[in-house]
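# Architecture at a glance
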Amino acid sequence: INCLFDITERKRAEAAAIRLAAVVQSSHDAIVAKTLNGIITDWNKGAEHMFGYKPKEIIGKSILTLIPKDRQSEEEEILRKVRSGESLDHYETVRRRKDGKLFDVSLTISPIKGPTGEIVGVSKIARDITKQKQTEQRLAEQARLLNLTSDGIIVRDHRDRIVYWNRGAEEMY
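In short, a report on the structure. (Residues numbered from 1 in each chain as written. Predicted model: local features only at pLDDT ≥ 70, side-chain atom pairs only at ≥ 80, totals over all residues. Heavy atoms only, no water.)

## Quick notes on the sheet that holds strand β3 (residues 88-96)
- In space, the 5 strands of this open sheet follow the order β2-β1-β5-β4-β3, with antiparallel pairing throughout. At either end of the open sheet lies a strand with only one pairing partner, and these are β2 (40-43) and β3. Each strand axis lies, on average, 30° off the axis of its neighbour in the sheet, ignoring direction.
- Helix α4 (residues 72-83) rests against β1 (30-34), β3, β4 (102-113) and β5 (119-128) of the sheet, and its axis sits at about 150° to β3. (Pairing = 2+ DSSP bridges. Helix = DSSP H or I, 4+ residues; strand = E, 2+ residues; numbered from the N terminus. Axes fitted to C-alpha atoms, helices over the stretch in contact; angles between N-to-C directions. Contact = heavy atoms within 4.5 Å.)

Written out as structure tokens, the structure is:
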């Protein structure tokens, strides 16, 4: 007796899963999965680099380990939204590394759905935006200083369009 089964689709699905796992592991962004109760279940290399924890140190622990005490109420709100099927894009907040250092992050948070569509967990992608925030602060400070002078200062772009003028220029013109 001979039984033959076509396993082509299963092999394709396995190959796709392997490729997806490789993409997740090679991402520079932190990619973390957690339960609906906030327990970390998956942790990629980007998360290890960003937060300083090895997978064996953090998997099974609460996501609150990464959240400063004064921001832990954010997590309750995030989980509430995800449980209702919502996603959050570019949610800017602060997180804590293993060494205790705080840093700015942008989070993309999505529900993970099971085979029948029920929400079974949470996917979180974190990007370190500390340098971007520092640049924004420096630019805001420079703009504040430019507004302190009574001299008229006008900035034009390459098309000769005015992109900035200070209070002195406003009074002058």
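Read on for the rest.
## Regarding the nonpolar core
- Grouped together as the largest cluster of nonpolar side chains are 22 residues, with contacts concentrated most on Ile 40, Trp 43, Met 50, Phe 51, Leu 66 and Ile 109.
- Counting residues per element, this core draws most heavily on β4, which supplies 4 residues. (Core = buried A, V, L, I, M, F, W, Y, C linked by side-chain atoms within 4.5 Å. Buried < 20%, exposed > 50% of the residue type's maximum accessible area, 1.4 Å probe, protein only.)

## Focus: the pattern of salt bridges
- By the definition in use, this model includes 15 salt bridges.
- Here Arg 95 and Glu 74 are joined by a salt bridge, their closest N and O atoms 3.3 Å apart. Taken together, the residues span a long stretch of sequence, with Arg 95 in strand β3 and Glu 74 in helix α4 at a distance of 21 residues. Each member of the pair, Arg 95 as well as Glu 74, carries the same accessibility label: buried. (Salt bridge = Lys/Arg side-chain N within 4 Å of Asp/Glu carboxyl O.)

## Details of the packing of aromatic side chains
- Throughout the structure, instances matching the rule amount to 3 aromatic pairs.
- Taking 5.6 Å as the distance between ring centres and 45° as the angle between the ring planes, the aromatic pair formed by Trp 43 and Phe 51 counts as tilted. In terms of burial, Trp 43 and Phe 51 fall into one category: buried.
- Here the aromatic rings of Trp 165 and Tyr 173 are separated by 6.3 Å at their centres, their planes lie at 10°, and the arrangement is stacked. (Phe/Tyr/Trp six-rings, centres within 6.5 Å; stacked < 30°, edge-to-face > 60°.)

## Regarding the environment of Leu 4
- Among the structural elements, Leu 4 can be located in the segment before α1 (8-26).
- In this structure, the C-alpha to C-alpha distance between Leu 4 and Glu 141, residues 137 residues apart in sequence, is 72 Å.

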